[in-house]
Amino acid sequence: MSNSRLLIALASIAALGACSQSARSAGSAATTVTTTAHAIVNDSTGKQLATATFTQDSTGSVHVEVHAQGLTPGEHGVHFHAVGTCTAPTFASAGGHFNPDSTKHHGLNNPAGPHAGDLPNMLVDSTGKADYTAVTSTVSLTPGAKSLLDTDGSALVIHATADDNMSDPAGNAGGRIGCGVIQSGPASA
Ligand code: CU
Ligand code: ZN
């Protein structure tokens, strides 16, 4: 994150803080519980490719926001993988796609799917950057069967090429070029 972006992010956080402050002083004591998590996605050499934040809203949906750079232009598959371990260079340690309902097959367009961890492709621009958002209700950050923060954790993986949203088990998305362990709480500034 560039310094200017960091400042904008900090300013937004300050603004949010101001809002909840006034809500509290109006008499409602901390009724809004926001559940957040984050991941730093590194490539196989340990270089940072992306930062990701995850926010579960009051309906249970998880909002995914990824800011990436240094990627090849075009579409890249993005998934939640089942294990929160990112061992370079292959990141095979992250296991398959997060799929607590093990009867499901891969692919957002697959009638027999999708895996809970399947996400839309990330579109990288001609400068190698991407600002990606997605919303999913198939995972959670709070405890339960579909929690990403389960005992073995989970990882966000970025792939070399596009996910075809159909082919089982992994959408023909090529190698795993980036991996980030999903960690509870916001990213530290
Ligand atoms: Cu994947
Ligand atoms: Zn999948």
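Residues numbered from 1 in each chain as written. Chains lettered and ligands numbered in written order. Predicted model: local features only at pLDDT ≥ 70, side-chain atom pairs only at ≥ 80, totals over all residues.

**Considerations on the overall build of the protein**
Cut-off, in case you're wondering: We count a stretch as a helix when DSSP gives it H or I for four or more residues in a row; a strand needs E for two or more, and each element gets its number in order from the N terminus. Counting other C-beta atoms within 10 Å of its own, a residue is labelled buried from 20 upward, exposed at 12 or fewer, and partly exposed in the gap between, with every C-beta atom placed from the backbone. Whether two residues are in contact is decided by their C-beta atoms, placed from the backbone, lying within 7 Å.
Within the protein, the secondary structure is distributed over one helix and 10 strands. In the protein, the succession of helices and strands from N to C terminus is α-β-β-β-β-β-β-β-β-β-β. Taken across its 189 residues, the protein has 34% of its residues classed as buried. Summarising the internal contacts of the protein: among those between residues at least 6 apart in sequence, 59% fall at separations of at least 24.

**Points about the nonpolar core**
Taken as a class, soluble globular proteins show a tendency for nonpolar side chains to be buried jointly. So the rule is basically this: By our criterion, buried Ala, Val, Leu, Ile, Met, Phe, Trp, Tyr and Cys residues that link up through C-beta atoms within 7 Å make up a nonpolar core.
Counting residues in hydrophobic clusters, the biggest one holds 35 residues, and the most contacted among them are V41, A52, V66, A68, M122, L156 and I158. Counting only elements with at least two residues in this core, the list comes to β1 (35-42), β2 (48-56), β3 (62-68), β5 (78-81), β6 (122-124), β7 (130-136), β8 (155-159) and β9 (176-181). Dropping the residues within four chain positions of it, A52 is found in contact with H38, A39, V41, V64, E65, V66, L156 and G180.

**Side note on the confidence of the model for the protein**
Put simply, the rule reads: Confidence scores labelled pLDDT are given residue by residue by the predictor and lie between 0 and 100.
Within the protein, residue pLDDT values average 87, and 81% of them lie at 70 or more. When the criterion is pLDDT under 50, residues 1-33 qualifies, and its contacts beyond four places in sequence or with other chains add up to eight contacts.

**Focus: unusual backbone geometry**
The amide bond that connects A88 to the next residue, P89, takes the cis arrangement and shows omega of 5°. One can find P89 in the loop between β5 and β6. That bond from D168 to P169 is cis: its omega, 5°, falls within 30 degrees of zero. By the element assignment, P169 lies in the loop between β8 and β9. Although it is not a glycine, F91 sits at a positive phi angle of roughly 60°. Mapped onto the fold, F91 is located in the loop between β5 and β6. Note on F91: 24 C-beta atoms within 10 Å, which makes it buried.

**Points about the environment of T59**
Mapped onto the fold, T59 is located in the loop between β2 and β3. The exposed category is assigned to T59, around which 7 C-beta atoms lie within 10 Å. Taking the C-alpha atoms as reference points, T59 and S137, 78 residues apart in sequence, are found 8.8 Å from one another.

**Concerning the environment of P89**
P89 gets classed as exposed once you count the C-beta atoms within 10 Å, which come to 12. Note: C-alpha distance between P89 and G46 (43 residues apart in sequence) is 9.1 Å.

**Observations concerning the environment of V64**
Here V64 lies in strand β3. By the C-beta count within 10 Å, which is 21 here, V64 ends up buried. Sequence separation of V64 and L119 is 55 residues, and the distance between their C-alpha atoms is 9.4 Å.

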